[in-house]
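# Examination of the molecular architecture
These are the residues of each chain, in order.
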Amino acid sequence: MLPKLRISAFLLKRLERVKLQCSGCLYGVFYGESTLLLLSFNVESSVGQLNYEQIQHKFPAELDLCGLVKFGDCTDTEAHLNEIISSVDITDNPILLQCQLGTLVGLRASFFIHGKLENVPFEVVEAAQLYNDFCFTRLKCGFFLHTLPTPEAIAKEMHALRKRVADGNLVFNVAHTKIYVSSNSGIQHQSFNCDSLIEQLIAEIPTPTEAASGDKKKKAAAAPDLAKYYGAVGCAYDVINIDVLRSRTRDFGAGDSLPYPALSVCITNEDTVKQEVPLELEAMAILCKKTKLLRLYDVLIESICRSLRLFEQCLIERLTEQETTSEVKLLSPRTYHFYPQEFGHFLSCAYLEQLGDDEPSVQEKRKRLHRQFALPATRPYFRRANQCRFQDEIDAVDSATWTPLLNTHLGVRPSGVTDGKEYLVNGNYHYYHYLQQQVQDKGWGCAYRSLQTICSWFLLQGYTERPIPTHLEIQEYLHKINDKPASFVGSSQWIGSTELSMCLQGFLNVDSKILHVASGAELSTIASELAMHFQTQGTPVMIGGGVLAHTIIGVDYCVQTGQAKFLILDPHYTGPDDLATIQIKGWCGWKGLDFWDKKSYYNLCMPQRPILY
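Residues numbered from 1 in each chain as written. Predicted model: local features only at pLDDT ≥ 70, side-chain atom pairs only at ≥ 80, totals over all residues. Heavy atoms only, no water.

- Under the annotation held in an unreviewed UniProt entry, the protein chain carries the name Probable Ufm1-specific protease 2 and is attributed to Drosophila navojoa.
- One UniProt comment on the protein chain, placed under Function (unreviewed entry), says "Thiol protease which recognizes and hydrolyzes the peptide bond at the C-terminal Gly of UFM1, a ubiquitin-like modifier protein bound to a number of target proteins. Does not hydrolyze SUMO1 or ISG15 ubiquitin-like proteins." (UniProt positions renumbered as here; feature names shortened; annotations may be inferred.)

Here's what the structure looks like:
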């Protein structure tokens, strides 16, 4: 029987953007009663180079190579398909997608069956359905790699390490629960049996509030809470956190070999001393919530092994870039998870800790990723600052050190614009407002706070590593460039959109577009221009009028009627960082034309994205 084919709406949008004739590899999840969900693809980095062996290690476990995609009139499809057929493991029937350049019109899907291609229909899966049907596991664990600094030695030791990982000695604990997963006992919990599903496991995971109170009674609508408390910022997938333990009391059956021989003798003539490399890895896997719990142990083991392969690839790449000598020092790799909004799934990269993002080798690595995933090389996707921020880690950091609220617009009430379309800030930002950091800036610091919010956007998107400027640093810079007198430094004088653009250029090397509006009553005339800004640039916009400044982070605009509302982040708020209060009281919310002073003119500072990857 042919598999049922489903294709992610995210994937279709990415396919539509490809305008060069080429081939690529498809990756999907095989689940349920013979269903294949296509989630991702990569294109050949150069003619004939599909690179799927290296690419697959970057995907979560269970997201595997499953077929080929052809853009335009490629002549090498048959040769590539034969190569792919021998490498696909998750299905006996690899898939071929044939796409026209820059359009989904005429998209054809075919399964390879008994040496022939057979066309099949497919179902499109929208984002909401993906979030509802699938979840991710996430675990952290550490190992030490003892190896000589050569590619051959690293490959050998990593292979041995993966074998030890898969030897059945690891035990997994679902975080915040007493649910354990082991190789010989399966799922150890009274609520589960051999037919239990992942969705039942999710229902047993308490929210932080329930965990703190010890209340084990679960609400019927627990799943949305899991995404809220344990998911990644910017996506609505449930994430199951897993703790890794090692069994010290494993029972060996009659068929098992003893863990160690009575005597082990090793004779070596190696002159080079082995190096110890700490491997602190994070591993992820994707699972359909209807998957049986019995599969969970194997999936978690595979996720660790996949991360180890990614580390092996990273270490060997570095060695091949250097001259191999006895003085070579192996650097420590670290896992970074990314969630590009265009993908609809996570992607992991391994970077060496001692090499910064601007190192030529690291830049080249990112450039290659952009090319392989058909992403523009004009904005960062895989810099360290672009890594996913998981809600539980954000909450833990916030409780230890002060951090402003992140993305306060998520969850605000709808604007109410009839037939409007929302155009929103693209990416993460922090909400800066009056009286934060013990600065008494009420009445004069609103534009400073708007600038700090904009700077946080560039920091969190990976465009800069510079800390957020303080009020004093802003004033000192404006005096330094002779825009303000010495008496301005340390004063309570306000600044406007022009000063903001100067600071963005000086601090971040970011250009800005200044837009003038004669009065608040005319702000509706620039709604289309703001919509275009959020589509193409996606940066927060500072708007100043009279002595007030606000930050615009979105516009809801109806082209037919011209009706518009603006999503405002108000820096004049003086209360505690309580999201509910900020949204309910309208400090972050949609504002109509009546919000603006009809007698004041307004200047908008619209920061432009630098070209960077």
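## Examining the overall build of the protein chain
- Helix and strand counts for the protein chain come out as 16 helices and 23 strands.
- Expressed as a percentage of its 613 residues, the buried residues of the protein chain come to 53%.
- For the protein chain, contacts bridging at least 24 residues in sequence account for 70% of all contacts bridging at least 6.
- Element-wise, carbon and sulfur atoms account for 51% of the exposed surface of the protein chain, whose accessible area totals about 28,600 Å². (Helix = DSSP H or I, 4+ residues; strand = E, 2+ residues; numbered from the N terminus. Buried < 20%, exposed > 50% of the residue type's maximum accessible area, 1.4 Å probe, protein only. Contact = heavy atoms within 4.5 Å. Areas by Shrake-Rupley, 256 points an atom, 1.4 Å probe, with all protein chains shown as cover.)

## Here we look at the pattern of salt bridges
- Going through the model one piece at a time under the given rule, you end up with 24 salt bridges.
- With a shortest N-O distance of 3.7 Å, Lys4 and Glu123 are connected by a salt bridge. One end of the pair, Lys4, is in strand 1 (residues 4-8); the other, Glu123, is in strand 8 (residues 123-125), and 119 residues separate them in sequence.
- Using a relative accessible area of 46% as the deciding quantity, one classes Lys4 as partly exposed.
- Between Arg306 and Glu302 there is a salt bridge, and its shortest N-O distance comes to 3.8 Å. One end of the pair is Arg306 and the other is Glu302, both in helix 9 (residues 296-321) and four residues apart, which spans about a single turn.
- What makes Glu302 partly exposed here is its relative accessible area of 26%.
- Through salt bridges that share partners, Asp64, Glu302, Arg306 and Arg309 make up one connected network. (Salt bridge = Lys/Arg side-chain N within 4 Å of Asp/Glu carboxyl O.)

## Describing helix 5 (residues 151-165)
- End to end, helix 5 covers 21 Å across 15 residues, agreeing with the expected 21 Å (1.5 Å per residue, within 8%).
- Among the residues of helix 5, Ala153, Ile154, Met158, Leu161, Arg162 and Val165 are the ones counted as buried. Within helix 5, the buried residues cover an arc of 165° as seen down the axis, which keeps them to one side. Across from the buried face of helix 5, at angles greater than 90 degrees, the exposed residues are Glu152, Lys156 and Lys163.
- As for helix 5, its buried residues are in contact with strand 9 (134-147), strand 10 (170-174), strand 14 (275-288) and helix 9. (Expected span 1.5 Å × (residues − 1). Arc of directions from axis to C-beta.)

## Some words on the packing of aromatic side chains
- All told, the structure shown has 24 aromatic pairs when counted by the stated rule.
- When the ring of Tyr27 is compared with that of Phe59, the centres are 4.6 Å apart and the planes differ by 50°; the resulting orientation is tilted. Of the two residues, Tyr27 sits in strand 2 (residues 22-31) while Phe59 sits in the loop between helix 2 (52-56) and strand 4 (64-71), which places them 32 residues apart along the sequence.
- We classify Tyr27 as buried; its relative accessible area is 0%.
- The interplanar angle of 85° and the centroid separation of 5.3 Å between the aromatic rings of Trp444 and Tyr448 together place this pair among those described as edge-to-face. You'll find Trp444 and Tyr448 in the same group, each marked buried.
- Put simply, the rings of Tyr131, Phe136, Tyr237, Tyr339, Phe346 and Phe390 touch in pairs and so form one group of aromatic residues. (Phe/Tyr/Trp six-rings, centres within 6.5 Å; stacked < 30°, edge-to-face > 60°.)

## Concerning the environment of Cys288
- Its place among the elements puts Cys288 in strand 14.
- With a relative accessible area of 6%, Cys288 lands in the buried category.
- Spatially, the C-alpha atom of Cys288 lies 8.6 Å from that of Val29, the residues being 259 residues apart in sequence.
- Beyond its immediate chain neighbours, meaning those up to four positions away, Cys288 contacts Tyr31, Asp133, Phe134 and Ile198.

## Section: the nonpolar core
- Phe172 and Ile304 are the most contacted members of the largest nonpolar core, which has 98 residues in total.
- By residue number, the principal contributor to this core is helix 9, which donates 14 residues.
- Counting only domains with at least three residues in this core, you end up with domain 1 (4-125) and domain 2 (132-208 + 225-249 + 274-384). (Core = buried A, V, L, I, M, F, W, Y, C linked by side-chain atoms within 4.5 Å. Domains from an automatic or database assignment.)

## Re the confidence of the model for the protein chain
- Summary statistics for the protein chain give a mean pLDDT of 88 and a share of 90% for residues scoring 70 or more.
- The low-confidence segment residues 218-224, where pLDDT is below 50, has eight contacts with residues more than four positions distant or belonging to other chains.
- A low-confidence stretch, residues 251-266 stays under pLDDT 50, and its non-local contacts, those more than four residues away or across chains, total four contacts. (pLDDT = per-residue confidence, 0-100.)

## As for the sheet that holds strand 5 (residues 95-99)
- Sheet architecture is open: eight strands sit in the order 7-6-5-4-2-3-1-8, paired in mixed fashion. Two strands in the sheet have a free side with no partner beyond their single neighbour: strand 7 (116-119) and strand 8. Averaged over all pairs of adjacent strands, the angle between their axes in this sheet comes to 35°, without regard to strand direction.
- Where strand 2 lies against strand 3 (residues 35-43), eight bridges are found, and the strand directions are antiparallel. Bridging across to strand 3, Val29 finds its partner in Leu37. (Pairing = 2+ DSSP bridges. Axes fitted to C-alpha atoms, helices over the stretch in contact; angles between N-to-C directions.)

## Some remarks on the packing of helix 5 against helix 9
- With their axes 10 Å apart at the nearest point, helix 5 and helix 9 run at an angle of 170° to one another. By the angle class used here, helix 5 and helix 9 are roughly antiparallel. Only Ile301, Ile304, Cys305, Leu308, Arg309, Phe311, Glu312, Leu315, Ile316 and Leu319 of helix 9 make contact with helix 5, whose side of the interface consists of Pro151, Ile154, Ala155, Met158, Leu161, Arg162 and Val165.
- Residue composition of the contact of helix 5 with helix 9, grouped by class: 14 nonpolar, no polar and three charged. (Parallel < 35°, antiparallel > 145°, perpendicular 65-115°, else oblique. Nonpolar A, V, L, I, M, F, W, Y, C, P; charged D, E, K, R; others polar.)

## Some remarks on unusual backbone geometry
- Backbone geometry places Ala374, a non-glycine residue, at a positive phi of 55°.
- The topology assignment puts Ala374 in the loop between helix 10 (360-372) and helix 11 (391-400).
- With a phi close to 65°, Asn482 is a non-glycine residue in the positive phi region.
- Within the element layout of this structure, Asn482 appears in the loop between helix 13 (471-480) and helix 14 (497-508).

## A look at the pairing of strand 16 (residues 347-352)
- Among the six residues that make up strand 16, six are buried, leaving the element largely enclosed by the rest of the structure.
- With burial as the criterion, each face of strand 16 is covered, one bearing Leu347, Cys349 and Tyr351 and the other bearing Ser348, Ala350 and Leu352.

## Remarks on empty space enclosed by the protein
- What the rule picks out here adds up to four cavities of 30 Å³ or more.
- Of the pockets and cavities examined, the largest cavity occupies roughly 110 Å³.
- Lining the largest cavity, in full, are Cys314, Glu317, Arg318, Glu321, Ala350, Tyr351, Leu352, Leu355, Ser361, Val362 and Lys365.
- For the lining of the largest cavity, the elements supplying multiple residues, two or more each, are helix 9, strand 16 and helix 10.
- Examining the composition of the lining of the largest cavity, we find that four residues originate from one element, helix 9, more than from any other.
- Split into classes, the residues belonging to the lining of the largest cavity amount to six nonpolar, one polar and four charged.
- His57, Phe59, Met284, Ser307 and Ser348 are the residues nearest the centre of the second largest cavity, which is lined by 14 residues in total.
- Of all elements in the fold, only strand 14 and helix 9 reach the threshold of two or more residues within the lining of the second largest cavity.
- A class-by-class count of the residues in the lining of the second largest cavity yields six nonpolar, five polar and three charged.
- Looking at the lining of the second largest cavity, you find at least three residues from each of domain 1 (4-125) and domain 2 (132-208 + 225-249 + 274-384). (1 Å grid on protein atoms, 1.4 Å probe; cavity = no way out; pocket = protein on both sides within 12 Å on 5 of 7 lines; lining within 4 Å. Points joined across faces, edges and corners; volume = space filled by probe spheres on them.)

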